[in-house]
Amino acid sequence: MTVGDFNGDGLPDLLVASGSTVDVLINQGNGQFGKAASMQTPGSTFIQQIGAGDLNGDAAIDLVVFWGDGPWEGWINTCGPGAAASLGAGGTP
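Description of the structure in this document. Since this is a predicted model, take the numbers as computed values, not measurements. Every chain is numbered independently, its residues counted from 1 as its sequence is written. Side-chain atom pairs in this predicted model are given and counted only at pLDDT of 80 or more, local residue features only at pLDDT of at least 70, and totals for whole chains, interfaces and linings cover all residues. Here the side-chain values reflect all heavy atoms present in the structure, with hydrogen atoms and water set aside.

**Quick word on the overall build of the protein**
- To qualify as a helix, a DSSP run of H or I must reach at least 4 residues; to qualify as a strand, a run of E must reach at least 2; elements of each kind are numbered from the N terminus. Broken down by element type, the protein carries 0 helices and 8 strands.
- For the protein, the sequential pattern of α-helices and β-strands runs β-β-β-β-β-β-β-β.
- Every residue pair with non-hydrogen atoms within 4.5 Å of one another is taken to be in contact. Partitioning the contacts of the protein with sequence separation of at least 6, the portion at a separation of at least 24 is 22%.

Structure follows, in structure tokens:
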């Protein structure tokens, strides 16, 4: 799990990885989180670790996924809650 403001409203949102799925839960500002928006990762490799940060300098928090077998992928936050576009980047941490 990792925390970041993924929709730009100033509130901490949650990213939760389970198996090969990443769920984004947006903070509603009232002590509750909205329904999870799920993103299925490609293939059947399980996610080992996730991280968040501004990967492309646009001030939006992006996602980095580290696979169980070593490679990684960055997802750029382009549309707000639950939306990301794959960078197509990869490598070994």
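Moving on from the model shown.
**Overview of the sheet that holds strand 4 (residues 37–40)**
- For two strands to count as paired, DSSP must find a minimum of two bridges between them. A sheet is described by the order of its strands in space; here 4 strands give the open sequence 1-2-3-4, paired in antiparallel fashion. Because the sheet does not close on itself, it has two edges, and the strands there are strand 1 (2–4) and strand 4. Mean inter-strand twist for the sheet, computed between neighbouring axes without regard to direction, equals 25°.
- Sheet topology note: the strand 2 (residues 13–18)/strand 3 (residues 21–25) ladder contains 5 bridges and is antiparallel. The residue of strand 3 that forms the bridge with serine 18 is threonine 21. Between N-to-C directions, angles cover 0 to 180 degrees, with each direction set by a line fitted to C-alpha atoms, over the stretch in contact for helices.

**As for the side chain of asparagine 27**
- Turning to its location among the elements, asparagine 27 is positioned in the loop between strand 3 and strand 4.
- Here a polar contact is taken to be a pair of N or O atoms separated by no more than 3.5 Å, where protein atoms must pair a possible hydrogen donor with a possible acceptor and residues adjacent in sequence count only if both atoms sit in side chains. Of note is the side chain of asparagine 27, whose polar atom sits 2.7 Å from the backbone nitrogen of glycine 29.

**Thoughts on the environment of aspartate 9**
- By the secondary structure assignment, aspartate 9 is in the loop between strand 1 and strand 2.
- Here the alpha-carbon distance between aspartate 9 and isoleucine 26, two residues 17 residues apart in the chain, equals 9.7 Å.
- A polar side-chain atom of aspartate 9 sits 3.3 Å from a polar atom in the side chain of asparagine 7.

**Some thoughts on the nonpolar core**
- By convention a nonpolar core is built from buried Ala, Val, Leu, Ile, Met, Phe, Trp, Tyr and Cys residues, the set being connected through side-chain atoms within 4.5 Å. Throughout, exposure labels follow a simple rule: accessible area from a 1.4 Å probe, protein chains only, divided by the maximum for the residue type, with under 20% read as buried, over 50% as exposed, and the rest as partly exposed. In this structure, Phe6, Leu15, Val22, Val24, Ile26, Met39, Ile47, Ile50, Leu63, Val65, Trp67 and Trp75 together form the largest nonpolar core, which totals 12 residues.
- Every element with two or more residues in this core is listed here: strand 3, strand 5 (47–53) and strand 6 (62–67).
- With 3 residues, strand 6 is the single largest residue contributor to this core.
- Setting aside anything within four residues of it in sequence, one finds isoleucine 47 in contact with Ala17, Gly19, Ser20, Thr21, Val22, Thr41, Val65, Phe66 and Trp67.

**Some words on the side chain of threonine 2**
- As for its placement among the helices and strands, threonine 2 is situated in strand 1.
- Given a relative accessible area of 16%, threonine 2 falls into the buried group.
- Setting aside its immediate chain neighbours within four residues, threonine 2 contacts Asp13, Leu14, Leu15, Ile50, Gly51 and Ala52.

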